[in-house]
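Okay, here's what each chain looks like letter by letter:
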Amino acid sequence: MRLVYGTFFLSFLLLILRMPAGEALRSVGDGTDLRTDLPDATVELNSSNFDSVLKESPASFAIVEFFAHWCPACRNYKPHYEKVARLFNGPDAVHPGIILMTRVDCAMKINANLCDRFSVGYYPMLLWGPSVKFVAGKWDPKQEKSEIQSIDDGRTADRLLNWINKKMGSSFSFDDERYENENTLPTNVSDPEQIARAIYDVEEATALAFEIIIQHKMIKSSTQAPLIKFFQILATHHPSKRCRRGIAEILLNFDDLWPSGPLSISSEEAPILQEQDVLKSYSICGKEVPRHYWIFCRGSKNDTRGFSCGLWVLFHSLSVRVGDGESQSVFTAICDFIQNFFVCDDCRRHFHEMSSSVSVPFNRTRDLSMWLWRAHNKVNERLNKEEKALGTGDPRFPKIIWPPKQLCRSCYVSSSRKRRSNMKIYWNEDEVYKFLVRYYGRTLASSHNDATLSSKYDESYDITTSTNAVAVPVGAALAIAVASCTFGALACFWRAQQKNRKYTHQLHSFKDI
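All values derive from a computational prediction rather than experimental measurement.

Novice: What exactly am I supposed to notice about the sheet that holds strand E2 (residues 61-67) here?
Specialist: Backbone hydrogen bonds hold the strands of a sheet together, and the pairing may be parallel or antiparallel. Taking strand neighbours across the sheet as the criterion, the 5 strands line up as E1-E3-E2-E4-E5 in an open arrangement whose pairing is mixed. Looking at the sheet topology across the chains shown, the edges are occupied by strand E1 (43-45) and strand E5 (149-150). Bridge count between E2 and strand E3 (residues 99-105): 7 bridges; the pairing is parallel. Bridge pairing in E3 links phenylalanine 61 to isoleucine 99. Contacts between helix H4 (residues 72-88) and the sheet are confined to E2, E3 and strand E4 (125-130), with E3 contributing the most and set at about 155 degrees to the helix.

This is the structure:
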């Protein structure tokens, strides 16, 4: 009998030892469902991309796991870490843009100095902190005051998530489902600093708009001039430095991508890249974009906010960034962009009706900013009624008159009820304009460490550029060069190519005028 029991125990032990790491963890672990058949959600870092990834991350916080690929404990811990990472990382994350979960393999020689910087003494070791604090940073266990700290109780998925919840005062759960447990979403109406995170959504909306234009084959001979005009404005005034860089690169190569005019060769012979090739070759806002999720513009439902919110933030940002002499040109460019490239037909029609009612040209930045603010509130009023009647609105983000009192009490003089359902608001428009400049100008620009732009925001902010509808603004190259030393050479090349050439409204070739 002992021999039988001994043989049974030995067979069971051999079976456990032969199991893959994930199977063994499920058998003898803490009972959690640890999937090993899903793609990794964790971001792999090394010494060459560590600082850049964490610097550009939209996530407020980061966790870095330092491990060694030869370490059995690290291999067994990976399913636990990945389970938590799937909550926060990637396009399918339940709670994206909050915590970036990463890994660094200290067994690779390239990472030796990086692991020394953070005093890695055992594997796996987890560090927590604000994402930007890891950039060019270090950690010393003897240092008492540091925003980077060791996670001392995260050896299983449940314990790690529990540590995060205690640290953040949150209630994240593995049972959370996307767009169903949205108690973590900021309401955007009580904290004016929330707009700083919208820079990532502006980049997302810019990339998605370009993707839609390419995939729907919307660049034709009749639409090239409006697109070039809009891109020229973005290359100078887009709130994201890397979007300005990417858009300028597309402008430089526009004629090679989409030839036109009497001197261009036929479409059959033209070496035009296929749609997917264009999207792969030209990252309009950097290789990380699109991220396929929203942060400031994220709705509590899958089909609310997102793209339209990101575009509105972009338009408002442009309206406060341009100089007085450019206001009418920017207004025309935005109207033409929506008319030619915005695929929501009702939205396009309503915007055209509002813009067609403008009878006097905009001579000042303020005129454009205030018109766009009024137009946006008209849209919100109309959609609020429609969504209430149909039940299609976002319950957490209903359409409201902007800005609410929580964000700008001084914007309100008084309010009175006209009818049962309508409230008449008397605005202090001087205060409204100051709010718009501060909210969509200073705060939004400062989120991307764009000091050269945020320092310019005052009542007289101006960048001298051409107001010609399709001419390349001379100030565009100058602004880009000032904003980014790395991009200086490209900007100078652009100016050199265009030097001593006469621009006309009828553009046949962007380079060969």
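Novice: Help me understand the packing of H4 against helix H7 (residues 157-168), please; the structure alone is not making it clear to me.
Specialist: Packed helix pairs are characterised by how far apart their axes lie and by the angle those axes make with each other. The contact between H4 and H7 brings their axes to 8 Å, and the two run at 40 degrees. Relative to H7, the element H4 lies oblique. Two packed elements cross with a definite hand, and for H4 against H7 that hand is right-handed. Contacts from Tyr77, His80, Tyr81, Lys83, Val84, Leu87 and Phe88 of H4 reach H7 at Ala157, Leu160, Leu161 and Ile164. Of the residues contributing to the contact of H4 with H7, the split by class is 9 nonpolar, 1 polar and 1 charged.

Novice: I tried to follow the confidence of the model for the protein chain on my own but got confused; where do I start?
Specialist: Model confidence for the protein chain is summarised by a mean pLDDT of 76, while 70% of its residues fall at 70 or above. For the protein chain, helix H2 (residues 21-28) is the element with the lowest average pLDDT, namely 36, and E2 is the one with the highest, namely 95. Predicted confidence for residues 180-185 stays below pLDDT 50, and this span has 18 contacts to residues more than four positions away or in other chains. Per-residue pLDDT stays below 50 along residues 446-513; that stretch engages in 124 contacts with residues further than four places along the chain or on separate chains.

Novice: Please clarify how the state of the cysteines should be interpreted in this entry.
Specialist: Each disulfide is one covalent bond, formed between the sulfur atoms of two cysteines. The full count for this structure, using the stated rule, is 5 disulfides. Between the sulfur atoms of cysteine 344 and its disulfide mate cysteine 347 the distance is 2.2 Å. One disulfide, between cysteine 344 and cysteine 347, carries an S-S torsion of 65 degrees and so falls in the right-handed class. The exposure class of cysteine 344 is partly exposed, given its relative accessible area of 29%. Residue cysteine 408 pairs covalently with cysteine 411 via a disulfide, S to S 1.9 Å. Linking cysteine 408 and cysteine 411, the disulfide has an S-S dihedral of approximately 80 degrees and is accordingly described as right-handed. Across the pair, cysteine 411 and cysteine 408 agree in class, each one buried.

Novice: Sorry, what's going on with the nonpolar core here?
Specialist: A general tendency of soluble globular proteins is for nonpolar side chains to be buried together. Core analysis: the biggest nonpolar cluster contains 81 residues, and Phe230, Phe231, Val313 and Phe315 have the highest contact counts within it. Considering every element that reaches this core, the biggest residue donor is helix H8 (residues 198-215), with 11 residues. With near-sequence residues (within four places) excluded, valine 313 lies in contact with Ile195, Ala198, Val202, Phe296, Cys297, Tyr440 and Leu444. Val84, Leu126, Trp128 and Leu160 belong to the second largest nonpolar core, which has 21 residues in total.

Novice: Explanation requested: the packing of aromatic side chains in the structure shown.
Specialist: Two descriptors summarise a pair of aromatic rings, namely the distance from one centre to the other and the angle between the planes of the rings. Inspection of every chain in the model, using the stated rule, returns 22 aromatic pairs. Pairing tryptophan 70 with tyrosine 123 gives two aromatic rings, centres 5.9 Å apart and planes at 80 degrees, and the pair type is edge-to-face. With tryptophan 70 in the loop between E2 and H4 and tyrosine 123 in the loop between helix H5 (112-117) and E4, this residue pair connects regions lying 53 residues apart in the sequence. For tyrosine 123, a relative accessible area of 29% gives the class partly exposed. Note on phenylalanine 118 and phenylalanine 134: the rings are 5.9 Å apart at their centroids and 40 degrees apart in plane angle, and the pair reads as tilted. One end of the pair, phenylalanine 118, is in the loop between H5 and E4; the other, phenylalanine 134, is in helix H6 (residues 131-134), with 16 residues separating them in the sequence.

Novice: Honestly, helix H14 (residues 327-341) in this entry has me stumped. Any pointers?
Specialist: Between its terminal C-alpha atoms H14 stretches 21 Å, which fits the 21 Å expected from 15 residues at 1.5 Å a residue. Residues of H14 that are buried include every one of Ser327, Ser329, Val330, Phe331, Ala333, Ile334, Cys335, Phe337, Ile338 and Phe341, and no others. Residues of H14 that are buried make contact with H8, helix H9 (224-237), helix H13 (307-321), helix H15 (345-356) and helix H16 (365-390).

Novice: Looking at this model, I keep getting lost on the pairing of E3. Mind explaining?
Specialist: For a regular strand, side-chain orientation follows a simple rule: the groups alternate between the two sheet faces. With 7 of 7 residues buried, E3 lies mostly within the body of the structure. Neither face of E3 is exposed, since Ile99, Met101, Arg103 and Asp105 on one face and Leu100, Thr102 and Val104 on the opposite face are all buried. Pairing geometry for E1 and E3, over 3 bridges, is parallel. Among the inter-strand pairings, valine 43 is bridged to a residue of E3, identified as threonine 102.

Reading the values: rules and limits
- Residues numbered from 1 in each chain as written.
- Predicted model: local features only at pLDDT ≥ 70, side-chain atom pairs only at ≥ 80, totals over all residues.
- Heavy atoms only, no water.
- Pairing = 2+ DSSP bridges.
- Helix = DSSP H or I, 4+ residues; strand = E, 2+ residues; numbered from the N terminus.
- Contact = heavy atoms within 4.5 Å.
- Axes fitted to C-alpha atoms, helices over the stretch in contact; angles between N-to-C directions.
- Parallel < 35°, antiparallel > 145°, perpendicular 65-115°, else oblique.
- Left-handed = near helix turned anticlockwise from the far one by under 90°.
- Nonpolar A, V, L, I, M, F, W, Y, C, P; charged D, E, K, R; others polar.
- pLDDT = per-residue confidence, 0-100.
- Disulfide = S-S within 2.5 Å.
- Buried < 20%, exposed > 50% of the residue type's maximum accessible area, 1.4 Å probe, protein only.
- Core = buried A, V, L, I, M, F, W, Y, C linked by side-chain atoms within 4.5 Å.
- Phe/Tyr/Trp six-rings, centres within 6.5 Å; stacked < 30°, edge-to-face > 60°.
- Expected span 1.5 Å × (residues − 1).

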